[in-house]
Amino acid sequence: MAFKVTGIERGDWAVLRVSGELDLVTSPVLRQRVHGVVAEGHHALVLDLSEVFFCDSSGVGVLIAARRLIRSCRGRLRLILPALGTADGSHVNRVFAALGVRRLFDVHPDLESATTEDTEPLSA
């Protein structure tokens, strides 16, 4: 599967759907897309990582940098990841848990909950 980032808008939220491997080679593409979305004036961003099947430390680094960028704009960043422990629990979720960085992110199981204002994130 080739790495791909596609964008849509959902209400006030800009959504970037990411699929494939998020690694040293592909993470600069995601970094550039996140910067582009913020430069366009979107400060409410959802990164849908439910179709990312591999993520290394550079992928985690770009997600942490995206969090930092959005926070500097007083924006909101939410991630979509299948719940850890489910049949389709994502690789990214396992990497986050192993590195202890999951608590840094507002994680939701699907687009609907991620773009609904009053939803609670998944517990860490």
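Criteria and thresholds
- Residues numbered from 1 in each chain as written.
- Predicted model: local features only at pLDDT ≥ 70, side-chain atom pairs only at ≥ 80, totals over all residues.
- Heavy atoms only, no water.
- Helix = DSSP H or I, 4+ residues; strand = E, 2+ residues; numbered from the N terminus.
- Buried < 20%, exposed > 50% of the residue type's maximum accessible area, 1.4 Å probe, protein only.
- Contact = heavy atoms within 4.5 Å.
- Areas by Shrake-Rupley, 256 points an atom, 1.4 Å probe, with all protein chains shown as cover.
- Pairing = 2+ DSSP bridges.
- Right-handed = clockwise from strand over helix to strand, strands pointing away.
- Axes fitted to C-alpha atoms, helices over the stretch in contact; angles between N-to-C directions.
- Salt bridge = Lys/Arg side-chain N within 4 Å of Asp/Glu carboxyl O.

## Notes on the overall build of the chain
Step number 1: Within the chain one finds four helices and five strands.
Step number 2: Scored against the burial criterion, the 124 residues of the chain give a buried share of 44%.
Step number 3: Looking at the chain alone, contacts between residues at least 24 apart form 66% of all its contacts between residues at least 6 apart.
Step number 4: Looking at the chain as shown, the accessible area adds up to about 6500 Å², and 51% of this sits on carbon and sulfur atoms.

## Focus on the environment of L47
Step number 1: By secondary structure assignment, the location of L47 is in strand β3 (residues 44–55).
Step number 2: With relative accessibility at 0%, the residue L47 sits in the buried group.
Step number 3: Separated by 33 residues in sequence, L47 and I80 have C-alpha atoms that sit 6.3 Å apart.
Step number 4: When neighbours within four sequence positions are excluded, L47 is seen to be in contact with L16, L30, V34, L63, L77, R78, L79 and I80.

## So, the pairing of β3
Step number 1: In this sheet, β3 lies alongside strand β2 (residues 13–22) in parallel orientation, the contact comprising eight bridges. Its bridge partner lying in β3, A14 is registered against L45.
Step number 2: In this sheet, strand β4 (residues 76–80) lies alongside β3 in parallel orientation, the contact comprising five bridges. What sits directly across from V46, in β4, is R78.
Step number 3: Read as a crossover between parallel neighbours, the route from β3 over helix α2 (residues 57–72) to β4 is right-handed.

## Description of the sheet that holds β4
Step number 1: Taken together, five strands build an open sheet; the order of strands is β1-β2-β3-β4-β5 and the sheet is mixed. Each edge of the sheet is formed by a strand with only one pairing partner; in this case those strands are β1 (4–10) and β5 (106–108). Between one strand and the next, the sheet's axes are offset by a mean angle of 25°, whatever the strand orientation.

## Topic: the pattern of salt bridges
Step number 1: Tallied over the entire structure, the rule returns three salt bridges.
Step number 2: Residues R17 and D48 are paired through a salt bridge, measuring 3.9 Å at the closest nitrogen-oxygen approach. Placement of the pair is R17 in strand β2 and D48 in strand β3, with a sequence separation of 31 residues.

## Remarks on the environment of F53
Step number 1: Within the fold, F53 resides in strand β3.
Step number 2: When its relative accessible area of 41% is taken as the criterion, F53 is described as partly exposed.

## With respect to unusual backbone geometry
Step number 1: Positive phi values are uncommon outside glycine, yet R74 reaches one of about 60°.
Step number 2: Mapped onto the secondary structure, R74 falls in the loop between α2 and β4.

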